[in-house]
Amino acid sequence: QVQLVESGGGLVQPGGSLRLSCAASGSISSINLMGWYRQAPGRLRELVATITSTDSTYYPASVKGRFTISRDNAKNTVTLQMNSLKPEDTAVYYCNADLLRIGATKRESAWGQGTQVTVSS
């Protein structure tokens, strides 16, 4: 069994900061790409940030310069530091990991349950 558990969401005022964390646990052999996605009501899920096992990162223009993704490979955790938050950042944020289970031959994409981020005054 593999599980991704997010934490750190909440309500913050515009211009504020939040830090999201995600921990992957279970029978994991290796994790390649890790990332954060978000989905606002009535909208498709969109990419927020990704990070490879060698710490190469990617951000779309909408969050670049405001969000920072990092990971701890030894602990199988990924963190998203969000600064200068805007109302349009309001969404459910999901953690994602491209991983290989112990004993498996095919990689799979695992998702967390999501954590709500609300940016409002």
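Our subject is the structure listed above.
Residues numbered from 1 in each chain as written. Predicted model: local features only at pLDDT ≥ 70, side-chain atom pairs only at ≥ 80, totals over all residues. Heavy atoms only, no water.

## What to know about the layout of surface pockets
Stage number 1. Here the largest pocket is characterised by a volume of approximately 150 Å³.
Stage number 2. Taken together, 13 residues form the lining of the largest pocket, with Arg-38, Arg-43, Glu-46, Glu-88 and Asp-89 sitting closest to its centre.
Stage number 3. Broken down by class, the residue content of the lining of the largest pocket amounts to 3 nonpolar, 3 polar and 7 charged. (1 Å grid on protein atoms, 1.4 Å probe; cavity = no way out; pocket = protein on both sides within 12 Å on 5 of 7 lines; lining within 4 Å. Points joined across faces, edges and corners; volume = space filled by probe spheres on them. Nonpolar A, V, L, I, M, F, W, Y, C, P; charged D, E, K, R; others polar.)

## Structural notes on the pattern of salt bridges
Stage number 1. Inspection of every chain in the model, using the stated rule, returns 5 salt bridges.
Stage number 2. Across the pair Glu-108 and Arg-101 runs a salt bridge, and its minimum N-O distance is 2.7 Å.
Stage number 3. Residue Glu-108 is classed as partly exposed on the basis of its relative accessible area of 26%.
Stage number 4. Look at Arg-101 and you get partly exposed, because its relative accessible area is 29%.
Stage number 5. If you follow the salt bridges from partner to partner, you end up with Arg-38, Glu-46, Arg-66 and Asp-89 in one network. (Salt bridge = Lys/Arg side-chain N within 4 Å of Asp/Glu carboxyl O. Buried < 20%, exposed > 50% of the residue type's maximum accessible area, 1.4 Å probe, protein only.)

## Considering the pairing of strand S11 (residues 115-119)
Stage number 1. Burial along S11 is one-sided: Thr-115, Val-117 and Val-119 are buried, and none of Gln-116 and Thr-118, which face the opposite way, are.
Stage number 2. Relative to S11, strand S2 (residues 10-12) runs parallel, the two sharing 3 bridges. Note on S11: the bridge partner recorded for Leu-11 is Thr-118. (Helix = DSSP H or I, 4+ residues; strand = E, 2+ residues; numbered from the N terminus. Pairing = 2+ DSSP bridges.)

## Remarks on the nonpolar core
Stage number 1. Within the largest apolar cluster, 31 residues are counted, with the highest numbers of intra-cluster contacts made by Leu-4, Trp-36, Leu-80, Met-82 and Tyr-93.
Stage number 2. The greatest single-element share of this core, amounting to 5 residues, is contributed by strand S9 (residues 91-101).
Stage number 3. Ignoring anything within four residues of it in the chain, the contact list for Leu-80 reads Leu-18, Arg-19, Leu-20, Trp-36, Val-48, Ala-49, Phe-67, Thr-68, Ile-69 and Tyr-93. (Core = buried A, V, L, I, M, F, W, Y, C linked by side-chain atoms within 4.5 Å. Contact = heavy atoms within 4.5 Å.)

## Quick notes on the state of the cysteines
Stage number 1. Under the counting rule described, the total for this entry stands at 1 disulfide.
Stage number 2. Sulfur-sulfur distance for the disulfide between Cys-22 and Cys-95 comes to 2.1 Å. Its torsion about the S-S bond being -80°, the disulfide of Cys-22 and Cys-95 is classed as left-handed. With Cys-22 in strand S3 (residues 18-26) and Cys-95 in strand S9, this residue pair connects regions lying 73 residues apart in the sequence.
Stage number 3. Judged by its relative accessible area of 1%, Cys-22 is buried.
Stage number 4. Judged by relative accessible area, Cys-95 falls into the buried class, the value being 0%. (Disulfide = S-S within 2.5 Å.)

## A closer look at the packing of aromatic side chains
Stage number 1. Across all of its chains, the model carries 1 aromatic pair by this definition.
Stage number 2. The interplanar angle of 65° and the centroid separation of 5.0 Å between the aromatic rings of Tyr-37 and Trp-111 together place this pair among those described as edge-to-face. Highlighted residues: Tyr-37 in strand S4 (residues 28-39) and Trp-111 in strand S10 (residues 108-111), separated in sequence by 74 residues.
Stage number 3. Residue placement shows Arg-45 over the ring face of Tyr-94; its charged tip is 3.8 Å from the ring centre.
Stage number 4. Here the guanidinium or amino end of Arg-45 rests over the ring plane of Trp-111, the centre of that ring lying 4.6 Å away. (Phe/Tyr/Trp six-rings, centres within 6.5 Å; stacked < 30°, edge-to-face > 60°. Lys NZ or Arg CZ within 6 Å of the ring centre and 35° of its normal.)

## Details of the sheet that holds S3
Stage number 1. Spatially, S1-S3-S8-S7 is the arrangement adopted by the 4 strands of the open sheet, whose pairing is antiparallel. Sheet topology places strand S1 (2-7) and strand S7 (67-72) at the edges, where each strand pairs with a single neighbour. Neighbour-to-neighbour, the strand axes of the sheet open up by a mean angle of 15°, direction not taken into account. (Axes fitted to C-alpha atoms, helices over the stretch in contact; angles between N-to-C directions.)

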